[in-house]
Amino acid sequence: MAAADSPSAALRRRDLCSRGIRLAGKMRSDVIDLLDTYVERQGLDASASVVAVEGVPAAAAERWDEQTGTQRLLDNLAAYRAFRALLAQMLEEQREQLGEADAALGQALAAVLLQVSAFAYHLEELLRLESRGPPSEEGAGPPPLPHLGLFERKLRGLGVLRELAQWAVRSARDLRQLAKPGPGSSSAPSPAESP
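Procedures and definitions
For every chain, the first residue of the written sequence is number 1, and numbering continues from 1 along that sequence. Restriction of local features to residues with pLDDT of at least 70 applies here, the model being predicted, together with a cutoff of 80 or more for giving and counting side-chain atom pairs; totals for whole chains, interfaces and linings are based on all residues. Note that the side-chain values use all heavy atoms of the structure and ignore hydrogens as well as water. A run of DSSP states H or I qualifies as a helix once it reaches four residues; a run of E qualifies as a strand once it reaches two. Both are numbered from the N-terminal end. Each residue's exposure class comes from its accessible area (1.4 Å probe, protein chains only) as a fraction of the maximum for that residue type: buried when under 20%, exposed when over 50%, partly exposed otherwise. Contacts between residues were defined by any pair of non-hydrogen atoms, one from each residue, lying within 4.5 Å. For a helix, the expected span equals 1.5 Å multiplied by the number of residues minus one. Lines fitted to C-alpha atoms define the axes here, with helix axes fitted over just the stretch in contact, and angles between the N-to-C directions of these axes take values from 0 to 180 degrees. Roughly parallel means an angle under 35 degrees; roughly antiparallel means over 145; roughly perpendicular covers 65 to 115; every other angle is labelled oblique. Working rule for handedness: look at the near helix, and if it is turned counterclockwise from the far one by less than a right angle, call the crossing left-handed; if clockwise, right-handed. When residues are grouped by polarity, Ala, Val, Leu, Ile, Met, Phe, Trp, Tyr, Cys and Pro land in nonpolar, Asp, Glu, Lys and Arg in charged, and all others, Gly among them, in polar. Only one rule defines a salt bridge in this text: a Lys or Arg side-chain nitrogen within 4 Å of an Asp or Glu carboxyl oxygen. Within this scheme a cavity is a closed region of a 1 Å grid, computed over the protein atoms alone, that accommodates a 1.4 Å probe without allowing it to escape, whereas a pocket is open but has protein on both sides within 12 Å along at least five of seven lines; lining residues each have an atom within 4 Å of a point. Grid points are joined across faces, edges and corners, and a volume is the space filled by probe spheres set on the points. For the purposes of this section, nonpolar cores are sets of buried Ala, Val, Leu, Ile, Met, Phe, Trp, Tyr and Cys residues that join through side-chain atoms within 4.5 Å.

Participant: Before we go on, may I ask you to explain the overall build of the protein in this structure?
Facilitator: When helices and strands are counted, the protein shows four helices and zero strands. For the protein, the succession of helices and strands along the chain, N to C, is α-α-α-α. Split into buried and exposed, the 195 residues of the protein put 43% on the buried side. Here the contacts in the protein between residues at least 6 apart in sequence split such that 86% fall between residues at least 24 apart.

Here you go:
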């Protein structure tokens, strides 16, 4: 019996998935609150349309139901690593733009950044449990962004936060699927992992 299929590993996976679902729910709630604050403080219209932002992974997935548990985890991990870099950049830009004049927005951004980092670590733990270590972060993250004007940076930030809220929903859904016992809950071992 493979380590990832043992009863203790199954219990650990369910426990990690349950905690991850709670983390994703809390993160989504905090991101929604941050979105409200961000829109207000940046002087944006809450209904502003934002085109896809370069470097922001889309939460929508084609053939979601056909993905393996490992693929879901890898997609989530790639997204949260990208969000970590994007939120860090937003935080830096916000500090440059407003300094300490808007400490509440900076604190809220920093808190969400911390949650995103913790969630990425949580996903790495799940990948280790699935007998697959997380991929390296070399080359991970968004591509270098072109120099944007102030308004474009504000819109990019709005797009990042909206997509992060969607990812929190998808992550909870992915973790619920992974926690289910059965063939869709984990992946078949790759040839390199087979005995």
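There's more to say after this.
Participant: So what exactly am I meant to see when it comes to helix H4 (residues 150–179) here?
Facilitator: Residues three or four positions apart in an α-helix share a direction because the helix packs 3.6 residues into each turn. The end-to-end C-alpha distance of H4 is 43 Å, a good match for the 44 Å that 30 residues give at a rise of 1.5 Å each. Here H4 lies mainly inside the structure; 21 of its 30 residues are buried.

Participant: I keep staring at the packing of helix H1 (residues 7–42) against helix H3 (residues 103–129) and nothing clicks. Help me out?
Facilitator: When two helices pack together, their arrangement is given by the angle between their axes and by how far apart the axes lie. Packing of H1 against H3 leaves a shortest axis separation of 9 Å and a crossing angle of 160 degrees. The orientation of H1 relative to H3 falls into the category roughly antiparallel. In the crossing of H1 with H3, the sense of the turn from one axis to the other is left-handed.

Participant: Explain the packing of H3 against H4 to me, please; I cannot follow it from the model alone.
Facilitator: Between H3 and H4, whose axes approach to 13 Å, the crossing angle comes to 25 degrees. Classified by the interaxial angle, the pair formed by H3 and H4 is roughly parallel. Pair H3 / H4 crosses with left-handed handedness. Seen from H3, the contacting residues are Val112, Val116, Phe119 and Leu126; seen from H4, they are Leu164, Ser171, Leu175 and Leu178. Here the contact of H3 with H4 is built from residues that sort into seven nonpolar, one polar and no charged.

Participant: Hey, could you run me through H3 in this one?
Facilitator: Here H3 spans 39 Å end to end across 27 residues, near enough to the 39 Å set by a 1.5 Å rise per residue. Just downstream of H3, Ser131 is the residue with a positive phi angle, here 65 degrees.

Participant: How do you make sense of the pattern of salt bridges when you look at a structure like this?
Facilitator: When their charged atoms lie close together, side chains carrying opposite charge are able to pair. The full count for this structure, using the stated rule, is nine salt bridges. Residues Asp75 and Arg170 are paired through a salt bridge, measuring 3.4 Å at the closest nitrogen-oxygen approach. Note that Asp75 is positioned in helix H2 (residues 69–98) and Arg170 in helix H4, a separation of 95 residues in sequence. Owing to a relative accessible area of 22%, Asp75 belongs among the partly exposed residues under this scheme. Note on Arg170: relative accessible area 8%, which makes it buried. The salt bridge partner of Asp174 is Arg170, with a shortest N-O separation of 3.1 Å.

Participant: What's the story with empty space enclosed by the protein in this structure? I'm lost.
Facilitator: A probe matching the size of a water molecule, rolled over the atoms, marks out where space remains unfilled. In total, this model carries one cavity of 30 Å³ or more according to the counting rule given. Each pocket or cavity is described by its volume, and for the largest cavity that value is around 100 Å³. The set of elements that each furnish at least two residues to the lining of the largest cavity consists of H1, H2 and H4. Here the element with the most residues in the lining of the largest cavity is H2; it accounts for four residues. Looking at side-chain class alone, the lining of the largest cavity contains three nonpolar, four polar and three charged residues.

Participant: Is there a simple way to think about the nonpolar core in this case?
Facilitator: Nonpolar side chains tend toward joint burial in soluble globular proteins. Counting 49 residues, the largest nonpolar core has Tyr80, Phe83, Leu87, Val116, Leu158, Leu164 and Leu175 as the members making the most contacts within it. Contributions of two or more residues to this core are made by H1, H2, H3 and H4. Counting residues per element, this core draws most heavily on H4, at twelve residues. Those residues within four positions of Leu158 in sequence are excluded, and the remaining contacts are Leu35, Tyr38, Val39, Leu44, Ala48 and Val50.

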